[in-house]
Amino acid sequence: MLACMPDYEHVLSTSDGPVGIVTLNRPRQLNALAGPLLREMVAALEAHDADPGLRAIVLTGGPSVFAAGADIKEMAEATPVDMLVRDTIGMWDRVKKIGKPLIAAVAGYALGGGCELAMLCDIVVAAENARFGQPEINIGLIPGAGGTQRLTRTLGKALAMDLVLTGRMLGAEEALQRGLVARVVATELIVDEAVRLGKELAKRPPISVRMAKESITRAFEGRVDDGIDLERKAFYLLFATRDAHEGMHAFIDKRQPSYEGR
Ligand code: CAA
């Protein structure tokens, strides 16, 4: 039984029994993570986190696409100062503060910020059609929301370098073998299976779940924070390069970029 929550423009917020569900809902732009969408997503997650009737939260884009990354159209003209002042990625720190277990239900593309968002969740359930990657290099950037740090910790240096420097994608099975995701399920069942997992977690003692989540997160993220800081500044600084603007405009104009190292 799904209960509907307050209306947002770019996300759907519902619940099924003890599980809150936040669905990114900008399908024509492949759920590109524009500022307004991110603001609503964080608000919806925090509302679920504060709801005493809920014990787990599923974050999804539905069975077609999770998210194709930060919104390139929103960033194409930005300077480093614009990026610093907007500090859209700062909003991600609020996702890290969600206390209830957060399950990413990923189908289709989880690229750039989409892959980073999945990695920020506690458990990733992938659909058979899921494709993970950090293709920012193709548009003259680097991952800016934790990708260089969390991907390296998760996959190891060799594969993280391969993915970040080439922009190639990992399928669901390889992501499972390499520990990026916990389970792979049939694509059409992606949300159902994630909610089922959420309901399993809801039967466990909530304070133990919270403490276990915090402890594992500390083990994983302990030394990541310094790296995140460096990565975020490097990401913003790249907006001073001609290549980044060339890369983003080439994407928007649907043409091959030409890079000059400036
Ligand atoms: N930002 C803005 N718009 C995007 C987008 C993005 N990241 N990804 C897709 N879209 C838009 C496309 O522009 C297109 O819009 P129009 O119909 O208005 O032209 C629509 O979504 C559908 O996309 P495509 O036509 O490109 O679909 P496709 O099936 O041919 O290709 C894709 C799919 C391979 C995912 C391709 O869209 C793509 O390469 N997207 C960009 C991926 C990317 O580079 N992500 C990283 C962004 S930077 C980032 O995330 C930084 C960070 O770390 C925070």
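Here the structure is a predicted model, which is why all the values come from computation and not from measurement. (Residues numbered from 1 in each chain as written. Predicted model: local features only at pLDDT ≥ 70, side-chain atom pairs only at ≥ 80, totals over all residues. Heavy atoms only, no water.)

(A) Focus on the sheet that holds strand 9 (residues 169-171). Strands sit in the order 6-8-9 across an open sheet of three strands; the sheet is mixed. Because the sheet does not close on itself, it has two edges, and the strands there are strand 6 (109-111) and strand 9. Between one strand axis and the next, the sheet turns by 20 degrees as a mean value, whatever way the strands run. By the bridge criterion, three bridges tie strand 6 to strand 8 (residues 131-133) in an arrangement that is parallel. Each residue of the ladder has a partner; that of Tyr109, found in strand 8, is Arg131. This element, helix 5 (residues 113-120), spans strand 6 and strand 8 of the sheet and lies at about 90 degrees to strand 6. (Pairing = 2+ DSSP bridges. Helix = DSSP H or I, 4+ residues; strand = E, 2+ residues; numbered from the N terminus. Axes fitted to C-alpha atoms, helices over the stretch in contact; angles between N-to-C directions. Contact = heavy atoms within 4.5 Å.)

(B) Geometry of the pattern of salt bridges. One pass over the full model with this rule turns up 15 salt bridges. With a closest N to O distance of 3.6 Å, Glu200 and Arg196 form a salt bridge. Of this pair, Glu200 and Arg196 both sit in helix 9 (residues 190-202), four residues apart, roughly one helical turn. Judged by its relative accessible area of 24%, Glu200 falls in the partly exposed class. A residue is classified by how much of its surface remains accessible, and Arg196, at 44% relative accessible area, is partly exposed. Between Arg242 and Glu260 there is a salt bridge; the shortest N-O distance is 3.1 Å. You can see Arg242 sitting in helix 12 (residues 242-253) and its partner Glu260 sitting in the segment after helix 12, a full 18 residues away along the chain. (Salt bridge = Lys/Arg side-chain N within 4 Å of Asp/Glu carboxyl O. Buried < 20%, exposed > 50% of the residue type's maximum accessible area, 1.4 Å probe, protein only.)

So far we have only geometry, and geometry alone does not tell us how the molecule works.
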